[in-house]
Amino acid sequence: MFSKSRINEPGPKAATTPAPAAPSAPESTPSFLRQSSADSAPAQSTKAKPAASVLASDLTITGNIKTTGDVIVEGIVDGDIRAHLLTVGETATIRGEIVADDIVINGRVIGRVRGLKVRLTSSAQVEGDIIHKTIAIESGAHFEGSVQRQDDPLQTNRGQSAEPRAAAAPAQSAPSPAKSEMSETVKKATDQRKSSGA
(Lines give C-alpha, C1' and ligand atoms only; values in the text may rest on other atoms or scores of the structure.)
Protein backbone atom coordinates (compact mmCIF):
# COMPACT_ATOMS: atom_id res chain seq x y z
CA MET A 1 0.00 0.00 0.00
CA PHE A 2 2.64 2.49 0.94
CA SER A 3 5.77 2.87 -1.03
CA LYS A 4 9.15 4.03 0.18
CA SER A 5 9.19 6.89 -2.22
CA ARG A 6 6.03 8.37 -0.75
CA ILE A 7 7.23 8.10 2.83
CA ASN A 8 10.48 9.90 2.01
CA GLU A 9 8.72 12.68 0.10
CA PRO A 10 8.24 15.83 2.18
CA GLY A 11 4.96 16.87 0.50
CA PRO A 12 2.77 13.90 1.37
CA LYS A 13 4.22 13.64 4.83
CA ALA A 14 3.09 17.17 5.56
CA ALA A 15 -0.34 16.31 4.20
CA THR A 16 -0.66 13.19 6.36
CA THR A 17 0.59 14.90 9.51
CA PRO A 18 -2.17 17.55 9.67
CA ALA A 19 -4.85 14.99 8.93
CA PRO A 20 -4.31 13.01 12.15
CA ALA A 21 -3.83 16.24 14.13
CA ALA A 22 -7.14 17.70 12.96
CA PRO A 23 -9.30 14.91 14.41
CA SER A 24 -7.44 14.94 17.73
CA ALA A 25 -7.90 18.70 18.23
CA PRO A 26 -11.71 18.60 18.13
CA GLU A 27 -11.76 15.65 20.53
CA SER A 28 -9.71 17.51 23.14
CA THR A 29 -11.75 20.71 22.84
CA PRO A 30 -15.15 19.08 23.48
CA SER A 31 -13.78 17.19 26.47
CA PHE A 32 -12.55 20.48 27.90
CA LEU A 33 -15.91 22.09 27.25
CA ARG A 34 -17.68 19.10 28.70
CA GLN A 35 -15.66 19.41 31.89
CA SER A 36 -16.41 23.10 32.32
CA SER A 37 -20.12 22.66 31.64
CA ALA A 38 -20.24 19.66 33.96
CA ASP A 39 -18.46 21.64 36.66
CA SER A 40 -20.73 24.65 36.27
CA ALA A 41 -23.99 22.66 36.16
CA PRO A 42 -23.76 21.41 39.78
CA ALA A 43 -22.70 24.87 40.92
CA GLN A 44 -25.84 26.37 39.42
CA SER A 45 -28.14 23.74 40.89
CA THR A 46 -26.63 24.05 44.38
CA LYS A 47 -26.46 27.82 44.74
CA ALA A 48 -25.25 29.03 48.08
CA LYS A 49 -27.68 31.17 50.04
CA PRO A 50 -26.62 34.82 49.79
CA ALA A 51 -25.34 36.50 52.91
CA ALA A 52 -27.68 38.71 54.90
CA SER A 53 -27.79 42.39 54.02
CA VAL A 54 -26.46 44.47 56.91
CA LEU A 55 -27.56 48.06 57.46
CA ALA A 56 -24.77 49.45 59.67
CA SER A 57 -25.32 51.56 62.78
CA ASP A 58 -24.13 54.75 61.04
CA LEU A 59 -26.72 54.34 58.26
CA THR A 60 -30.06 56.17 58.13
CA ILE A 61 -32.57 55.11 55.48
CA THR A 62 -35.75 56.97 54.59
CA GLY A 63 -37.98 54.76 52.48
CA ASN A 64 -39.26 51.22 52.22
CA ILE A 65 -37.07 48.12 51.97
CA LYS A 66 -38.26 44.94 50.23
CA THR A 67 -36.24 41.75 49.77
CA THR A 68 -36.70 38.00 49.66
CA GLY A 69 -33.45 37.56 51.56
CA ASP A 70 -32.28 38.22 55.11
CA VAL A 71 -31.71 41.68 56.59
CA ILE A 72 -29.86 42.77 59.72
CA VAL A 73 -30.64 46.34 60.76
CA GLU A 74 -28.26 48.17 63.09
CA GLY A 75 -29.05 51.73 61.95
CA ILE A 76 -32.20 53.85 61.58
CA VAL A 77 -34.95 53.08 59.06
CA ASP A 78 -37.89 55.42 58.51
CA GLY A 79 -40.12 53.20 56.39
CA ASP A 80 -41.56 49.73 56.02
CA ILE A 81 -39.38 46.63 55.77
CA ARG A 82 -40.37 43.34 54.12
CA ALA A 83 -37.89 40.43 54.24
CA HIS A 84 -37.53 36.71 54.81
CA LEU A 85 -35.55 36.94 58.06
CA LEU A 86 -35.32 40.32 59.79
CA THR A 87 -33.01 40.92 62.72
CA VAL A 88 -33.32 44.29 64.47
CA GLY A 89 -30.06 45.01 66.27
CA GLU A 90 -29.73 46.62 69.70
CA THR A 91 -28.68 49.98 68.18
CA ALA A 92 -31.44 49.94 65.55
CA THR A 93 -34.58 52.06 65.36
CA ILE A 94 -37.30 51.27 62.84
CA ARG A 95 -40.26 53.59 62.34
CA GLY A 96 -42.70 51.71 60.13
CA GLU A 97 -44.30 48.33 59.58
CA ILE A 98 -42.06 45.28 59.47
CA VAL A 99 -43.17 42.07 57.74
CA ALA A 100 -41.09 38.88 57.63
CA ASP A 101 -41.30 35.14 58.03
CA ASP A 102 -38.95 35.27 61.01
CA ILE A 103 -38.40 38.42 63.09
CA VAL A 104 -35.93 38.88 65.95
CA ILE A 105 -36.11 42.25 67.70
CA ASN A 106 -33.24 43.39 69.90
CA GLY A 107 -33.68 47.14 69.34
CA ARG A 108 -36.52 49.64 68.93
CA VAL A 109 -39.52 49.30 66.59
CA ILE A 110 -42.26 51.92 66.32
CA GLY A 111 -44.98 50.43 64.13
CA ARG A 112 -46.83 47.24 63.38
CA VAL A 113 -44.94 43.92 63.38
CA ARG A 114 -46.23 41.02 61.26
CA GLY A 115 -44.44 37.69 61.13
CA LEU A 116 -44.81 33.95 61.29
CA LYS A 117 -42.29 33.75 64.13
CA VAL A 118 -41.68 36.86 66.24
CA ARG A 119 -39.15 37.03 69.05
CA LEU A 120 -38.60 39.98 71.39
CA THR A 121 -35.36 39.73 73.31
CA SER A 122 -34.75 41.33 76.68
CA SER A 123 -33.40 44.52 75.05
CA ALA A 124 -36.38 44.96 72.67
CA GLN A 125 -38.58 48.07 72.69
CA VAL A 126 -41.72 47.71 70.59
CA GLU A 127 -44.46 50.33 70.29
CA GLY A 128 -47.14 48.89 68.04
CA ASP A 129 -49.32 45.89 67.38
CA ILE A 130 -47.84 42.46 66.78
CA ILE A 131 -49.61 40.04 64.46
CA HIS A 132 -47.97 36.62 64.58
CA LYS A 133 -48.32 32.87 64.27
CA THR A 134 -45.88 32.18 67.12
CA ILE A 135 -44.34 34.69 69.52
CA ALA A 136 -41.71 34.68 72.25
CA ILE A 137 -41.18 37.63 74.59
CA GLU A 138 -38.18 37.48 76.88
CA SER A 139 -38.20 38.93 80.38
CA GLY A 140 -37.16 42.59 80.29
CA ALA A 141 -38.59 43.38 76.86
CA HIS A 142 -40.60 46.62 76.63
CA PHE A 143 -43.84 46.25 74.66
CA GLU A 144 -46.74 48.66 74.20
CA GLY A 145 -49.52 47.49 71.93
CA SER A 146 -51.72 44.52 71.24
CA VAL A 147 -50.85 40.98 70.27
CA GLN A 148 -52.97 39.06 67.80
CA ARG A 149 -52.43 35.49 66.64
CA GLN A 150 -53.27 34.57 63.04
CA ASP A 151 -52.54 31.43 61.02
CA ASP A 152 -51.19 33.51 58.13
CA PRO A 153 -50.21 36.97 59.39
CA LEU A 154 -48.30 37.82 56.21
CA GLN A 155 -51.44 37.79 54.04
CA THR A 156 -53.44 40.20 56.20
CA ASN A 157 -51.66 43.28 54.83
CA ARG A 158 -54.15 43.94 52.03
CA GLY A 159 -57.21 43.57 54.23
CA GLN A 160 -55.84 45.68 57.06
CA SER A 161 -54.29 48.42 54.95
CA ALA A 162 -57.76 49.37 53.68
CA GLU A 163 -59.06 49.94 57.22
CA PRO A 164 -56.56 52.64 58.27
CA ARG A 165 -57.11 54.50 55.01
CA ALA A 166 -60.86 54.45 55.55
CA ALA A 167 -60.36 55.62 59.12
CA ALA A 168 -57.92 58.32 58.02
CA ALA A 169 -60.32 59.74 55.42
CA PRO A 170 -62.80 61.19 57.97
CA ALA A 171 -59.91 62.61 59.98
CA GLN A 172 -58.65 64.49 56.95
CA SER A 173 -62.09 65.88 56.16
CA ALA A 174 -62.55 67.06 59.76
CA PRO A 175 -60.48 70.26 59.44
CA SER A 176 -63.24 71.94 57.41
CA PRO A 177 -63.01 75.19 59.48
CA ALA A 178 -59.57 75.77 57.99
CA LYS A 179 -60.99 75.30 54.50
CA SER A 180 -63.85 77.69 55.27
CA GLU A 181 -61.40 80.28 56.63
CA MET A 182 -59.36 79.95 53.50
CA SER A 183 -62.41 80.34 51.27
CA GLU A 184 -63.42 83.47 53.23
CA THR A 185 -59.94 84.92 52.67
CA VAL A 186 -60.27 84.25 48.94
CA LYS A 187 -63.70 85.93 48.93
CA LYS A 188 -62.32 89.01 50.72
CA ALA A 189 -59.44 89.28 48.25
CA THR A 190 -61.86 88.97 45.35
CA ASP A 191 -64.14 91.64 46.83
CA GLN A 192 -61.16 93.98 47.34
CA ARG A 193 -60.11 93.57 43.70
CA LYS A 194 -63.65 94.32 42.52
CA SER A 195 -63.94 97.38 44.71
CA SER A 196 -60.52 98.73 43.71
CA GLY A 197 -61.32 98.16 40.01
CA ALA A 198 -64.71 99.97 40.22
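Keep in mind that this is a model prediction, so the values were computed, not measured.

Asks: Can you help me understand a nonpolar patch on the surface in this one?
Replies: A cluster of nonpolar residues, Ile135, Ile137 and Val147, forms a patch on the protein surface that exposes about 220 Å² of accessible area. Looking at where Val147 falls in the secondary structure, it is placed in strand 14 (residues 147-149).

Asks: Would you mind going over the sheet that holds strand 5 (residues 76-78) with me for this structure?
Replies: The strands making up a sheet associate through hydrogen bonds between their backbones, and the pairing can be parallel or antiparallel. Pairing in this open sheet of six strands is parallel, and the strands run 2-5-7-9-11-13 from one edge to the other. A strand with exactly one partner marks an edge of an open sheet, and here the two such strands are strand 2 (60-62) and strand 13 (142-144). Averaged over all neighbouring strand pairs, the angle between strand axes comes to 5°, with direction disregarded.

Asks: Looking at this model, I keep getting lost on the pattern of salt bridges. Mind explaining?
Replies: One side chain can pair with another of opposite charge once the charged atoms of both are near each other. Scanning all chains against the criterion turns up six salt bridges. Ionic pairing is found between Asp78 and Arg95, a salt bridge with its closest N-O pair at 2.9 Å. Here the residue Asp78 occupies a position in strand 5, and Arg95 occupies one in strand 7 (residues 93-95), the gap between them amounting to 17 residues. Judged by relative accessible area, which is 41%, Arg95 ranks as partly exposed. We note a salt bridge from Glu97 to Arg114, for which the minimum N-O separation is 2.9 Å. Placement of the pair is Glu97 in the loop between strand 7 and strand 8 (98-105) and Arg114 in strand 10 (residues 113-120), with a sequence separation of 17 residues. For the residue pair Glu97 and Arg114, the accessibility class agrees, reading buried in each case. Overlapping salt bridges bring together Glu97, Arg112 and Arg114 as one network.

Here is what the cut-offs are and how they apply
Residue numbers restart at each chain and count upward from 1, following the sequence in its written direction. Note on the predicted model: pLDDT of at least 70 is required for a residue's local features to be given, and 80 or more for side-chain atom pairs to be given and counted; whole-chain, interface and lining totals, by contrast, use all residues. Only hydrogens and water are set aside; all other atoms, that is, all heavy atoms of the structure, feed into the side-chain values. Each patch is built from residues that are more than 30% exposed by relative accessible area and take part in no salt bridge. Like charges join if they lie within 9 Å; nonpolar side chains (Val, Leu, Ile, Met, Phe, Trp, Tyr) join within 5 Å. All accessible areas in this document rest on Shrake-Rupley with a 1.4 Å probe, and a residue is counted as covered only by the protein chains that are shown. The working definition used for a salt bridge is a side-chain nitrogen of Lys or Arg within 4 Å of a carboxyl oxygen of Asp or Glu. The helix and strand labels rest on DSSP assignments: H or I over at least four residues marks a helix, E over at least two residues marks a strand, and numbering proceeds from the N terminus. At least two DSSP bridges between two strands are needed for those strands to be called paired. To get an axis, a line is fitted to the C-alpha atoms, and for a helix only the part in contact is used. The angle between two axes follows their N-to-C directions and goes from 0 to 180 degrees. Buried, partly exposed and exposed residues are distinguished by accessible area as a fraction of the type maximum, computed with a 1.4 Å probe on protein chains only: under 20%, between the cut-offs, and over 50%, respectively.

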